[in-house]
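Here are the chains, one letter per residue:
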Amino acid sequence: MTAGSSDSVTKLLPMVFADPGEALARARALLDADPSPLDASVAHQVIGIWQRDFGDLRLALRHLRRARECAARADSADREADVLATLGVALVHAGRTREGLAAFERGVARGSGHTRARVLYRRAYVWWVLGHHREALEDVRRAVPVLRQADDVIWTARALTLRATVHLALGSVERAEADFTAAEALWDTTGQEHDKADAVESRGLAAFRSGDVPAALRLLDEAEERYARLGTPTFMLNIRRCEVLMAAGLAPEALAEADAAIGKLDGLGGQSTRKAELLLAAARAARPAGDPHTAIARAALAVRLFAGQRRTWWETHARLVLIEARHAAGRGSGRLVADAAAVAAKLASFGSPAAPEASLLAGRIALDLGWTADAERHLAVAARSRRSGPPLARMTGWAAQALRAQAAGSARGVLEACRRGLDVLDDHRMTLGASELRARATEQGAELAALAQRASLVSGGPRQLLVWSERWRATVLSTPPTRPPADPELLSGMTAFREIASRAEAARMEGRPVPALEREQRRLEREIRSRTLHMRGEAPGSGDRFDVGRLLERLGDEVLLVELAVLDGRVQVLLCGRGRVRRFEAGLLAEAETEAEHVQAGLRRLAHPGADARLPVVEAAGRRLEELLLGPAAAQLGGGPVVIVPPGRLHRVPWALLPSLRERVLSVSPSAGSWLRARETAPPPDGCHVLVRGPGLATGGAEVPELAARYGCATVLEGDGARVPRVLEELDGAALAHIAAHGTFRADSPLFSSLRMADGPIVVHDFERLARSPYRIILSCCDTARLASVGADELLGLVTALLPLGTAGVLACSAPVNDAAVVPLMLALHKGLDAGLSLAEALRDARASLPGDALHQATGWAFSAFGAA
């Protein structure tokens with residue numbers, strides 16, 4: 001390509017994407033050696049490419065202009081054409097689109113044969129950046145045969161990778177995968193390490209487009225590791241990972257990643273085009289993260305940048321996000337409907353898969369305004385996507401169909417569309433192995449679930465409302481999570497995490513600084529979580545379907561199940577038992593949440609001696625909670641056992657504090673289906689009793705020695721014997737486990753909520769590795785019943801990790817408690833269990849046996865029995 005230039009110099013260009021740092025160093029050394037104009041042109045081009053992709057775009061343009069001047073002095077048309085193509089890419093990335101395309105025109109005219117094919121490939125890349133997909137495919141079509149004929153493996157692989165990426169943008173996943181496969185086979189024959197990393201990243205994008213989120217996360221993480229070894233930034237990868245994280249329900253993480261990448265790009269003086277794309281990614285993430293105003297700001301800036309860069313395809317997508325954010329912020333107008341419709345039409349003309357989403361938005365805003373005819377027109381267009389495409393696109397179509405039926409007054413049509421849409425999401429959710437991803441993915445179905453609940457109340461009454469309340473409640477608990485693989489790196493990471501966490505805890509207790517240990521602990525947590533998110537789901541289907549008749553049969557005439565549904569912000573009480581389901585309307589959910597926080601604050605104060613004066617205040621709050629949560633249903637409970645099934649946002653309510661529940665057999669369950677499975681779970685025929693005593697308890701776990709004497713043959717793990725591997729080994733398949741250990745709830749990362757053992761924390765990820773968790777488990781420590789509410793109505797934490805794994809009953813605590821007051825409660829509880837009572841029955845009797853002072857009363861209220869054992 002560069003006749004008159006030495007082989008060592010011409011090899012610098014491919015080296016930029018094989019070993020970027022080495023290529024940069026050699027190019028600088030070459031310039032220091034007073035090279036010929038031809039060699040100087042190559043050296044300046046290499047530095048320009050490095051700065052363009054990994055550094056300061058202003059420096060890139062300076063070096064690329066010098067490269068062109070040197071090529072002109074050398075009188076090499078092909079050399080000048082090649083540099084013009086590189087310069088054209090840099091100009092477009094700088095937002096100077098007109099100049100960039102003009103450089104390509106000159107490059108195509110100056111180059112010939114093989115060189116022109118390379119110029120056409122780079123112009124195709126620029127067309128893709130600009131969103132001109134058909135032009136991109138045309139240039140690639142012209143370039144590939146020439147590159148193949150020249151046996152140019154590297155540039156052929158690049159062209160195939162680009163063509164695959166364009167196919168993905170147009171929704172042609174199968175064509176993209178074929179090109180990615182062909183390109184990867186070519187890359188395997190080269191030493192182009194950066195290009196290889198880019199190929200892995202592209203495969204991650206293809207996996208995502210085909211609906212395989214775990215594979216996408218795994219491949220993107222692998223690509224990031226490869227880039228890190230090369231020391232090159234990864235802004236395109238950041239953009240793609242944001243998209244995958246969003247689909248996985250991890251919008252706050254996507255927003256944080258996009259904002260961090262923007263800050264890094266600004267610090268480097270990097271590409272304006274990438275900044276616009278990162279702003280768009282941040283805007284897309286901010287809205288589901290609950291921050292529509294940030295979404296508006298980021299999207300508006302992205303629109304301005306894309307417009308200035310003459311990137312109409314991207315600008316239109318950014319306008320869609322801007323309209324969505326404005327609608328989420330409560331803005332609705334005829335102008336917004338028109339804007340959404342115009343965006344939908346333009347996206348459809350581009351062949352963009354996002355077009356149905358824009359039509360759905362136009363229809364939704366029109367419905368809000370009461371414009372039913374306009375809404376029907378837009379929703380009918382959006383509904384066409386329900387029959388084909390990736391899962392989330394089909395869900396968009398079913399959501400549009402449900403809204404059409406609602407506008408037409410067809411409750412039956414709403415329910416059918418919601419059922420079909422949620423079935424699609426079920427299939428998608430079950431491809432996810434990690435319980436966290438399954439839980440967060442349910443957010444995608446929240447609107448369908450709400451529509452179905454409203455329609456069921458109109459058309460089917462309480463029984464159908466119960467079915468739909470269960471349809472999208474605690475779905476993660478319907479099937480066990482995929483077992484973490486016997487991955488040596490994962491197990492090694494867990495061991496290292498425990499060691500670092502243990503050292504950090506010891507340093508805190510001694511008053512020593514721990515920032516370095518905390519940083520390493522966070523790094524290990526990220527690594528562990530990343531590896532678990534890569535797991536694919538194994539269970540087909542969506543778990544057991546809920547059957548009202550089966551529930552009522554199991555409840556019989558004595559037990560009542562109280563399921564609390566929330567419609568339009570108000571609590572609906574579904575009273576199930578004695579062969580029927582009745583509905584009562586209670587208070588506002590927001591008021592109940594506020595009151596529950598007051599109760600939690602009161603219980604925290606009562607955990608300390610001398611706070612007796614607070615007891616009447618807490619009891620009064622309990623009466624207010626009962627009015628808000630049970631309303632007139634409280635008078636219908638009778639005197640038998642009660643099972644409470646609260647929505648996720650009320651998981652911290654201490655239910656035993658409510659006057660009508662205080663002296664009865666009371667248990668809590670995340671869903672009626674979960675209670676049914678627990679009720680039908682048989683205890684292990686030869687399960688043993690396991691007693692565990694962790695370090696650092698104020699009482700030293702004083703109940704454990706007494707329980708050991710009571711049970712005689714129980715396995716007791718304490719001191720150095722209470723190490724995580726041994727504890728997990730003994731817990732697996734146990735009939736009863738009692739764990740006295742400090743508990744820590746992690747609202748930021750609920751699956752790292754933990755119990756402190758001798759060698760560090762045992763976390764939720766550890767419990768998920770059990771073949772079968774204990775049939776009954778008692779957690780006699782603070783905060784073990786605290787859960788994080790995620791997705792549509794899902795809960796993540798210690799209790800919910802145990803229930804799908806074979807545990808039928810859990811006793812846990814939702815508030816800080818006094819260690820000394822816990823001991824008599826636990827001893828009384830085990831006395832009841834030894835007499836053959838269930839956890840709920842034994843807890844009721846144990847509370848009654850405690851002294852009547854505020855400290856012991858608050859301790860009893862803080863504990864709840866979960867499940868049915």
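Residues numbered from 1 in each chain as written. Predicted model: local features only at pLDDT ≥ 70, side-chain atom pairs only at ≥ 80, totals over all residues. Heavy atoms only, no water.

Trainee: Before we move on, can you summarise the overall build of the protein chain with the specific residues and values?
Mentor: Summing up its helical and strand segments, the protein chain has 39 helices and 16 strands in all. The C-alpha radius of gyration of the protein chain comes to 31 Å, within 12% of the 29 Å expected for a compact globule of 869 residues. Counting only C-alpha atoms and orienting by the principal axes, one finds that the protein chain spans roughly 100 × 70 × 50 Å. The 869 residues of the protein chain split such that 59% are buried. Sequence-distant contacts in the protein chain: of pairs separated by 6 or more residues, those separated by 24 or more amount to 71%. For the protein chain, the accessible area works out to roughly 32600 Å², and carbon and sulfur atoms hold 50% of it. (Helix = DSSP H or I, 4+ residues; strand = E, 2+ residues; numbered from the N terminus. Rg over C-alpha atoms; globule rule 2.2 N^0.38 Å. Buried < 20%, exposed > 50% of the residue type's maximum accessible area, 1.4 Å probe, protein only. Contact = heavy atoms within 4.5 Å. Areas by Shrake-Rupley, 256 points an atom, 1.4 Å probe, with all protein chains shown as cover.)

Trainee: How would you sum up the nonpolar core? Please name residues and give values.
Mentor: Counting residues in each nonpolar core, the largest one holds 126 residues, and the members touching the most others are L162, L347 and C418. Of all the elements, helix α8 (residues 113-130) adds the most residues to this core, at eleven residues. In this structure L347 touches T316, H317, L320, S352, A354, A355 and A358, once residues within four positions along its chain are discounted. Residues L589, A596, A633 and A846 belong to the second largest nonpolar core, which totals 101 residues. (Core = buried A, V, L, I, M, F, W, Y, C linked by side-chain atoms within 4.5 Å.)

Trainee: Break down the packing of helix α27 (residues 488-509) against helix α28 (residues 515-533) for me, citing the residues and quoting the values.
Mentor: At a minimum axis separation of 9 Å, α27 and α28 run at an interaxial angle of 155 degrees. On the basis of their axis angle, the class for α27 and α28 is roughly antiparallel. As for how α27 packs across α28, the hand of that crossing is left-handed. Contacts from E489, L490, G493, M494, A496, F497, I500, A501, R503, A504, A507 and R508 of α27 reach α28 at L517, E518, E520, Q521, L524, E525, I528, R531 and T532. Its residues assigned to classes, the contact of α27 with α28 comprises eleven nonpolar, three polar and seven charged. (Axes fitted to C-alpha atoms, helices over the stretch in contact; angles between N-to-C directions. Parallel < 35°, antiparallel > 145°, perpendicular 65-115°, else oblique. Left-handed = near helix turned anticlockwise from the far one by under 90°. Nonpolar A, V, L, I, M, F, W, Y, C, P; charged D, E, K, R; others polar.)

Trainee: Please provide a residue-by-residue account of the pairing of strand β15 (residues 809-813), values included.
Mentor: Among the five residues that make up β15, five are buried, leaving the element largely enclosed by the rest of the structure. By the bridge criterion, five bridges tie β15 to strand β16 (residues 863-867) in an arrangement that is antiparallel. Residue pairing across strands places G809 opposite G867, the latter belonging to β16. (Pairing = 2+ DSSP bridges.)

Trainee: Give a description of the pairing of strand β7 (residues 715-718) that names residues and reports values.
Mentor: It is a general feature of regular strands that their side chains alternate between the two faces of the sheet. With four bridges joining them, strand β6 (residues 689-693) and β7 adopt parallel strand pairing. What sits directly across from R693, in β7, is E718. Between the parallel pair β6 and β7, the chain is carried across by helix α33 (residues 703-711), and the sense of this crossover is right-handed. (Right-handed = clockwise from strand over helix to strand, strands pointing away.)

Trainee: So what about unusual backbone geometry? Which residues, and what values?
Mentor: The phi angle at D568 is positive, at roughly 55 degrees, despite the residue not being glycine. Of note, D568 is situated in the loop between β1 (560-567) and β2 (570-577). The phi dihedral of R578 is positive, around 55 degrees, even though this residue is not glycine. Along the chain, the position of R578 falls in the loop between β2 and β3 (580-588). The class for R578 is partly exposed, based on a relative accessible area of 38%.

Trainee: Pulling in residues and values, what's your account of the side chain of D56?
Mentor: Structurally, D56 is set in the loop between α4 (37-54) and α5 (57-73). Residue D56 is classed as buried on the basis of its relative accessible area, which comes to 16%. Sequence-distant contacts of D56, that is, excluding residues within four places in its chain, are made with Q51, L268 and G269.

Trainee: Any details on the sheet that holds strand β11 (residues 760-763)? Residues and values, ideally.
Mentor: Strand order in this open sheet of three strands is β9-β10-β11, and the pairing throughout is antiparallel. Here the strands that pair on one side only, and so sit at the sheet edges, are β9 (743-744) and β11. Bridge analysis of β9 against strand β10 (residues 754-757) gives two bridges, and the strand direction is antiparallel. For T744, the partnering residue across the bridge sits in β10 and is S754. The sheet strands contacting α27 are β10 and β11, and the helix crosses β11 at an angle near 130 degrees. Across the sheet, helix α34 (residues 724-731) is in contact with β10 and β11; its angle to β11 comes to roughly 35 degrees.

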